[in-house]
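# Structure assessment
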Amino acid sequence: MTAPVLEARSIRKGFAGVQALKDVSFELRPGEVHALIGENGAGKSTLIKIMTGALEADSGTLTVFGKQLRRNDPSIARALGIAAIYQQPSLFEHLSVAENIAWALETVRPWQKIHWKARKRRALELLQRAGGTIDPDRVAGSLSMPEQQIVEIAKAIGSDAKILITDEPTASLTDREVERLFVVLRTLRAQGLGIIFISHRLEEISAIADRVTILRDGETIGTRNAREVRREELIELMVGRPIASVFPKREVALGETALELRNVSSRTAGVHDVSLSVRCGEILGLAGLIGSGRTQVAETIFGLTPADAGEILVRGKSIRIPSPARAIQLGIGYVPEDRREHGIILEMPVAANTSLADVSRVSRWGWIDQGRENELAERYIHRLRIKTPSAQITTGALSGGNQQKVALARWLAIEPKILILDEPTQGVDVGSKSEIHSLMVDLAEQGLAIIMISSELPEILGMSDRIAVMHAGRISGILSRQEATQQKILSLALS
Ligand SMILES: Nc1ncnc2c1ncn2[C@@H]1O[C@H](COP(=O)(O)OP(=O)(O)OP(=O)(O)O)[C@@H](O)[C@H]1O
Ligand SMILES: [Mg+2]
């Protein structure tokens, strides 16, 4: 058997109030993709931050290429050949792609002349090896999520990494982009890299991983051969209990039309001539490739990029929505895909985030009533099973999936009549995912009209009453639940 390139033994790590890792051991061999799975808050990101030196373990040992580290920090880890792609990419938005790559690889002295041409050539070559065709002159801030990831991988290849750690790299990718990423990962694996792969999508584990290690509540539960282990077994190891049906969709009696768009356009957003409607009790799926304009339609409805042509009707009344404040007044809630943008404020406590969309609910005479705010937060912490020691914890300290749930809580707390969810279960574990799905059905039953954007076709097919498919800023077709299939959606998405 080949010697491991990296070995973690009995790692413990506590934060104020939380023991994130109690006893974790993990081993990575060269030339393998080793998946790391577990529920939201199980400790996956904490473990890899200890490997990359971003965090220091309280106890336990880390051995890299047979040498036990006495201490670790980001520069030590980098020198040892450890590269990481985090849950949230970390490029410098204002620099170009080539500059970002150069910054990670070169050690330029202030007086040294910069070879722009060579820099660009090198960037281009690395980007190609990372599976992308990105112009090195583009500003990093203008890149889509998958493009940013390609740049991160290019950085890793350029730094001659021997160990590549990826934390939910596929969370915001479509099936096709995932396939492209897997091609790159397989090539790197064949070159002998050891790769750690974190994902909540179990079908990806069997597609790419050789072995899989399961974490639960900060402990290693076991390691399995990824090609032989059954899905049910993985779920049970992760959750500690069997999970009910995957999509709990129920028939709900539909009410009046809650929201209707008639030939709506928004030039700034690139939305063209969109007509759709959603009734009370209905879940309308909005499908399409990344960049097809789904999020832009949501932002137009929510008043972020107001419509400049066409008509929007809320409960049958023609209305203008020039701002999010007006949308909220009309009972429209919007859980965005990028939770850092309009979702939640990471620096604020969970409780403050929950009341953020409408502070009037927890205010008295213009002051925020702490007691009421806490009560509201506790209710949603319980309802969405948000894993946090208290409502007063800074939201940024929660695990990625639990932050997503706080974003959901924030918008549920305004008790909307119309709810737009953009990738509501992205980065959420299997257990919580089915909870969010049942919650959606409960809300529909209570008369909410829901628009759900999702890149996951099984989720679209499993949860929607009707499916509107978008292509290039337009609706290319609307399918009923009965007639919809993966093939039909895909062909509309591509047409
Ligand atoms: N900086 C921090 N301060 C306080 N608690 C933290 C901090 N970072 C992580 N935690 C806590 O440690 C636990 C493990 O979090 P971690 O991010 O490792 O989970 P995860 O397995 O990556 O989850 P997810 O699938 O949601 O990304 C969680 O309970 C989290 O709230
Ligand atoms: Mg994580």
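Residues numbered from 1 in each chain as written. Chains lettered and ligands numbered in written order. Predicted model: local features only at pLDDT ≥ 70, side-chain atom pairs only at ≥ 80, totals over all residues. Heavy atoms only, no water.

## What to know about the sheet that holds strand S21 (residues 466-471)
Strand order across the open sheet formed by six strands is S16-S19-S20-S13-S21-S22, with mixed pairing between neighbours. Only two strands of the sheet have a single partner each, and these edge strands are strand S16 (332-335) and strand S22 (474-480). Between one strand axis and the next, the sheet turns through 20° on average, direction left out of account. By the bridge criterion, five bridges tie strand S19 (residues 418-422) to strand S20 (residues 449-453) in an arrangement that is parallel. Directly across from Ile-420, in S20, lies its bridge partner Ile-451. (Pairing = 2+ DSSP bridges. Helix = DSSP H or I, 4+ residues; strand = E, 2+ residues; numbered from the N terminus. Axes fitted to C-alpha atoms, helices over the stretch in contact; angles between N-to-C directions.)

## Quick word on the packing of aromatic side chains
The geometry of an aromatic ring pair is captured by two quantities: the separation of the ring centres and the angle between the planes. Counted by the stated rule, this structure contains four aromatic pairs. Summarising the aromatic geometry, the rings of Phe-92 and Trp-103 are spaced 4.9 Å apart at their centres and angled 70° between planes, so their arrangement reads as edge-to-face. Taken as a pair, Phe-92 in the loop between strand S6 (82-85) and helix H3 (97-105) and Trp-103 in helix H3 lie far apart in primary sequence, 11 residues in all. Judged by centre distance (5.5 Å) and plane angle (90°), the ring pair of Phe-302 and Trp-411 falls under edge-to-face. Taken together, the positions of Phe-302 in the loop between helix H9 (294-301) and strand S14 (309-314) and Trp-411 in helix H14 (residues 400-412) put the pair 109 residues apart, joining distant regions of the chain. (Phe/Tyr/Trp six-rings, centres within 6.5 Å; stacked < 30°, edge-to-face > 60°.)

## A few points about the pattern of salt bridges
This structure, assessed with the given rule, holds 27 salt bridges. For Arg-129, the salt bridge goes to Glu-125, with nearest N and O atoms at 3.3 Å. With a gap of four residues between them, Arg-129 and Glu-125 both fall in helix H4 (residues 116-129), about one helical turn apart. Of the residues examined, Arg-129 reaches a relative accessible area of 45% and is grouped as partly exposed. Owing to a relative accessible area of 35%, Glu-125 belongs among the partly exposed residues under this scheme. When the shortest N-O distance is used, the salt bridge between Asp-210 and Arg-189 registers 3.1 Å. You can see Asp-210 sitting in the loop between helix H7 (202-208) and strand S9 (211-216) and its partner Arg-189 sitting in helix H6 (residues 175-190), a full 21 residues away along the chain. Both residues of the pair, Asp-210 and Arg-189, count as buried. Through salt bridges with shared partners, one network takes in Glu-27, Arg-29, Glu-32 and Arg-211. (Salt bridge = Lys/Arg side-chain N within 4 Å of Asp/Glu carboxyl O. Buried < 20%, exposed > 50% of the residue type's maximum accessible area, 1.4 Å probe, protein only.)

Shape descriptors only; they carry no functional weight alone.
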